[in-house]
Amino acid sequence: MSNSQSADTSAFWNPFANMSTLAGNAVTIVRGEGCTVFDAQGRGYLDALASLWYCNVGYGRTELAEAAAAQMREIAGFQTFEYYTNEPAEALCGRIVDLASMSGAKVFLTPGGGSDAVDTAGKLARAYWRAVGEPDRQVIISRTHAYHGMNAYGTSLGGIPLLTEAYTPLVSQVEQVPWDDPNALEKSIELVGEGRVAAFFCEPVIGAGGVYPPPDGYLEQVRQICRRRNVLFVADEVITGYGRTGEWFASGRFGLDPDLITSAKGLSSGYLPIGAVIASERVAEPFWRAGSTQVFRHGYTYSGHPAAAAVALANLDLIERERLIDRVRALEPLLARAMAPLAGHPAVSEVRSGTGLLAAVEIAEDVRAADPSVGQRLVLAIRERGVLTRLLRAIALQVSPPFVITEQEIARIAEAFAGALDEVTAGR
Ligand SMILES: Cc1ncc(COP(=O)(O)O)c(C=O)c1O
């Protein structure tokens, strides 16, 4: 029996998929355990992706299902617009502020993940400047290779042309600078006009753009520039938040002291969708100050969803109890060491790793030019070897496993990559 479902019998429209060629390649995932997911035929795959960078505690955590069920028995959902609140949402926001070590910060919960968090942060940055009497500060600057989700703001701020050029401009007043050049940020702020820039959006480690850890000194310099120019620094930690770089937040690892943090994914390990925007005391103050008339008129039906918040709390408990962030720190050099030999393969131009449980194997440009399908063929050949990865920006293979991965499983990922590279690029 085939492990795939024919596209013509399905009404499910897969994100980012060419639906005309999906037939024969779609895999129906039915369950998971640890770092392994199983298809409908019972075949196991070692998930080198933690799904989409999110299943940090691994699959099959019944205590998270129980947390959801317990909350749903009380009340599954209730809105939080205006007067209403609930205990899990309150507890979760307090917990997030503590974990981020941002005293006086406030948290705006989003229901759908990172894209909602990014749109919320973009609007909040602009609302903040209006609230403090600088309404001309409306421009937001982002970086090439950046991925900030697929809602309107995130698409407009995105730095991967393949994903954005068909749609932009959606939101006006956005600018882009090279991902690795602090001087370019400074020049852009000057060019736009100093009193016109609201914020700079920055992934501490670029993720979907190809896993680029920050060049030495880059983050320190852009943080300084933002401070000097009075531009809000927004750390997009949708991937890096809640432990992936070996600290609760990459902002802590790199000493960023951001004005806003966007987060999602690892907040619940994806057991239910939820995201959070952490607003520093400075950004929150004009809206929270006693007697203020400023209202952030923004929110989603499922903001502060009690069941999702309960699951997120249980997920954070689990990360703490099992000391999974210490584990990430211990595994960081092991992952780097396991992947490093792939850089010697003739079809590979670079292996990037060394910041938490994140790595990418970039396929050499000449190999991609000679065979534009090589990346997807590698993904499928690696899958044939029982390991799940995917292609980032059409150039690099992603590695971002669950935090519970073992050293042996890391070795299996490297082995599957090496075997597939040999097979698919044989004769070069
Ligand atoms: C840095 C970053 N921001 C935002 C997003 C969007 O998150 P979501 O897909 O959960 O909406 C992602 C998703 O990968 C991301 O990596």
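In this text, all values refer to a predicted model and were calculated from it rather than measured experimentally.

> A description of the overall build of the protein should follow, citing residues and the corresponding values.
Each helix and strand counted, the protein has 15 helices and 15 strands in total. Over its C-alpha trace the protein gives a radius of gyration of 22 Å, about what one expects of a compact globule, namely 22 Å for 428 residues. Projected onto its principal axes, the C-alpha coordinates of the protein cover approximately 70 × 55 × 45 Å. With 428 residues in all, the protein has 55% of them scored as buried.

> Describe the packing of aromatic side chains, and please don't skip the residues or the numbers.
If you walk through the whole model with that rule in mind, you get 7 aromatic pairs. A ring pair is formed by Phe108 and Phe296, whose centres lie 5.4 Å apart and whose planes are at 70°; its orientation type is edge-to-face. Here Phe108, found in strand 4 (residues 106-110), pairs with Phe296, found in the loop between helix 10 (281-288) and helix 11 (306-321); they are 188 residues apart in sequence, far enough to count as distant. Its relative accessible area of 17% is what places Phe296 among the buried residues. An aromatic cluster of at least three residues, connected via ring pairs, comprises Phe108, Phe287 and Phe296.

> Quick one: what's the story with the site of the ligand, residue by residue and with numbers?
Every residue lining the ligand is accounted for by Gly113, Gly114, Ser115, Tyr147, His148, Gly149, Glu203, Asp236, Val238, Ile239 and Lys265. In this structure, Gly114 approaches the ligand through a main-chain N or O atom, which is 2.8 Å from an oxygen atom. A distance of 3.0 Å is found between an oxygen atom of the ligand and a side-chain nitrogen or oxygen belonging to Lys265. By residue class, the composition of the shell around the ligand is 3 nonpolar, 5 polar and 3 charged.

> Lay out the environment of Ala70 with the relevant residues and their values.
Structurally, the position occupied by Ala70 is in helix 2 (residues 62-75). Of the residues examined, Ala70 reaches a relative accessible area of 38% and is grouped as partly exposed. Taking the C-alpha atoms as reference points, Ala70 and Ala307, 237 residues apart in sequence, are found 8.5 Å from one another.

> Can you tell me about the pattern of salt bridges, naming the residues and giving the values?
In total, this model carries 21 salt bridges according to the counting rule given. Where Arg137 meets Glu134, a salt bridge forms, and the shortest distance between an N and an O atom there is 3.0 Å. Classification of Glu134 by relative accessible area gives partly exposed; the value is 29%. With a closest N to O distance of 2.7 Å, Glu332 and Arg253 form a salt bridge. In this pair, Glu332 sits in helix 12 (residues 324-339) while Arg253 sits in helix 9 (residues 250-253), placing the two residues 79 residues apart along the sequence. Note on Arg253: relative accessible area 30%, which makes it partly exposed.

> Can you tell me about the packing of helix 7 (residues 182-192) against helix 8 (residues 218-229), naming the residues and giving the values?
Direction vectors running N to C along helix 7 and helix 8 enclose 20°, while the axes themselves pass 9 Å from each other. By the angle class used here, helix 7 and helix 8 are roughly parallel. Here helix 7 runs over helix 8; the crossing is right-handed. Residues Pro182, Leu185, Glu186, Ile189 and Glu190 of helix 7 form the contact with helix 8, whose participating residues are Tyr218, Gln221, Val222, Ile225, Cys226, Arg228 and Arg229. Of the residues that constitute the contact of helix 7 with helix 8, the class distribution is 7 nonpolar, 1 polar and 4 charged.

> Tell me about the sheet that holds strand 2 (residues 36-39), and name the residues and values.
As summarised here, the arrangement of the 4 strands in space is 1-2-3-13, forming an open sheet in which the pairing is mixed. Where the open sheet ends on each side, the last strands, each with one partner, are strand 1 (29-33) and strand 13 (387-388). Pairing of strand 1 with strand 2, which is carried by 4 bridges, proceeds in the antiparallel orientation. When the bridges of strand 2 are listed, Glu33 appears paired with Thr36.

> Run through helix 7, naming residues and quoting values.
When we look at burial in helix 7, the residues that qualify are Pro182, Ala184, Leu185, Glu186, Ser188, Ile189 and Val192. If you follow the buried residues of helix 7, they end up packed against strand 5 (139-143), strand 6 (174-177), strand 7 (197-202) and helix 8. The backbone nitrogen of Asn183 has a side-chain oxygen 3.0 Å away, supplied by the residue at the start of helix 7, namely Asp181. Count one or two residues on from helix 7 and you reach Gly193, which has phi positive near 115°.

Rules behind the numbers
- Residues numbered from 1 in each chain as written.
- Predicted model: local features only at pLDDT ≥ 70, side-chain atom pairs only at ≥ 80, totals over all residues.
- Heavy atoms only, no water.
- Helix = DSSP H or I, 4+ residues; strand = E, 2+ residues; numbered from the N terminus.
- Rg over C-alpha atoms; globule rule 2.2 N^0.38 Å.
- Buried < 20%, exposed > 50% of the residue type's maximum accessible area, 1.4 Å probe, protein only.
- Phe/Tyr/Trp six-rings, centres within 6.5 Å; stacked < 30°, edge-to-face > 60°.
- Near = heavy atom within 4 Å.
- Polar contact = N/O pair within 3.5 Å; in protein donor to acceptor, adjacent residues only side chain to side chain.
- Nonpolar A, V, L, I, M, F, W, Y, C, P; charged D, E, K, R; others polar.
- Salt bridge = Lys/Arg side-chain N within 4 Å of Asp/Glu carboxyl O.
- Axes fitted to C-alpha atoms, helices over the stretch in contact; angles between N-to-C directions.
- Parallel < 35°, antiparallel > 145°, perpendicular 65-115°, else oblique.
- Left-handed = near helix turned anticlockwise from the far one by under 90°.
- Contact = heavy atoms within 4.5 Å.
- Pairing = 2+ DSSP bridges.

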